[in-house]
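Coordinate inspection notes
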Amino acid sequence: MRRSKSAKQSHNPNITVRRSERLADNFKKLPDDLILKILFKIQDDTKTLIRCSTVCKNLHFLVSKIDTASLKFLCPNEGDDDDVLLCSQSHHHIPQVAFPALMKVFANLNFLEIKLCSFPSSSNLHVSRLNCMIGDCDSIHCELIFAIQVGVLSSTRRSRNIPLKLNGKFDTSFAETMMFFLKKMVPHWPKTLKKVVILSANMQGSGSRGKVFIGEEELDNFVDLISTSMVYESWLNWLNNPKNVTYWRKDAQNDEHSWLRENVWILYGLGFPWVKDRVTTDIVVMESVVKELLGAFE
């Protein structure tokens, strides 16, 4: 059988080349302002932006105008530039060695978000956010906000058992990892950068239970309440008081009139300048901040 004329044309490489050339010519006719608007629409898709920057010099120049970027890296092992902690998920990661080249592509960044992927570990579950504000003369003011799971609250109205089981010690090495990563990145980020946010979380195994986020002093008060009162309603009223609990994300399956099934997380907020000899100050962690922490990993 003879192939049709259209079928022959579809396999003709010359026609394909001519079609690509026409599309390229049409793209070149687009004004830079319109291309920039398109690029800003996909500024959360860093991988696509990087690919765009390699197409031609003009696109490379336009991509460099992007002022916001979000990058995802594996957690580094402190003290070893090439060693990383393996991620528990199979999504795409950017190699750390690529960071200097990326900062040359995004040469006019104002805001940079970095996510350090979690990894299988026996350490406590945690979620954290390191905010870095860059001032004049490259001064850096940091705010570290993090939550660590410290126990499980499980009880029913009829139960008279002590409902709160606390973990012994908790690991804060993730905070050191974040600072280590920050110090490695500082020499390479662009002069235009004003704010950097580094996020880290290991929330695997937290399950479908509710999550109670509470300060260290408030947790001590709650432990004292449980030790002196075995009345279920008193625990419930205490937890529902916003003066005691920063944020309570209740389990959708939980009927608060029959049982409590909550993971208890302790909250910390620390502020410190880049200069090491300055005194560390506490930060008040609000409900909106906790929601923002959780939202970054959902």
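Here's what I pulled together on the structure shown here. (Residues numbered from 1 in each chain as written. Predicted model: local features only at pLDDT ≥ 70, side-chain atom pairs only at ≥ 80, totals over all residues. Heavy atoms only, no water.)

1. Considerations on the pattern of salt bridges
In this structure the tally under the stated criterion is two salt bridges. Between Arg-129 and Glu-292 there is a salt bridge, and its shortest N-O distance comes to 3.9 Å. Here Arg-129, found in strand S5 (residues 126-134), pairs with Glu-292, found in helix H10 (residues 287-295); they are 163 residues apart in sequence, far enough to count as distant. The class for Glu-292 is partly exposed, based on a relative accessible area of 43%. (Salt bridge = Lys/Arg side-chain N within 4 Å of Asp/Glu carboxyl O. Helix = DSSP H or I, 4+ residues; strand = E, 2+ residues; numbered from the N terminus. Buried < 20%, exposed > 50% of the residue type's maximum accessible area, 1.4 Å probe, protein only.)

2. Description of the packing of helix H8 (residues 216-228) against helix H9 (residues 232-240)
Closest axis-to-axis distance for the H8/H9 pair is 10 Å, and the angle between their directions is 165 degrees. Between H8 and H9, the angle is such that the two are roughly antiparallel. Once H8 is placed against H9, the crossing between them reads as right-handed. Seen from H8, the contacting residues are Glu-218, Asn-221, Phe-222, Leu-225 and Ile-226; seen from H9, they are Ser-234, Trp-235, Trp-238 and Leu-239. Taken together, the residues that form the contact of H8 with H9 break down as six nonpolar, two polar and one charged. (Axes fitted to C-alpha atoms, helices over the stretch in contact; angles between N-to-C directions. Parallel < 35°, antiparallel > 145°, perpendicular 65-115°, else oblique. Left-handed = near helix turned anticlockwise from the far one by under 90°. Contact = heavy atoms within 4.5 Å. Nonpolar A, V, L, I, M, F, W, Y, C, P; charged D, E, K, R; others polar.)

3. Details of the packing of aromatic side chains
Under the defined criterion, the tally for this structure stands at eight aromatic pairs. Residues Phe-146 and Phe-174 carry aromatic rings whose centres are separated by 5.5 Å and whose planes lie at 75 degrees to one another, so their mutual orientation is edge-to-face. Taken together, the residues span a long stretch of sequence, with Phe-146 in strand S6 (residues 140-156) and Phe-174 in helix H7 (residues 173-185) at a distance of 28 residues. Summarising the burial analysis for this pair, Phe-146 and Phe-174 share the class buried. An aromatic cluster is present here, built from Phe-73, Phe-99 and Phe-181 joined pairwise through their rings. (Phe/Tyr/Trp six-rings, centres within 6.5 Å; stacked < 30°, edge-to-face > 60°.)

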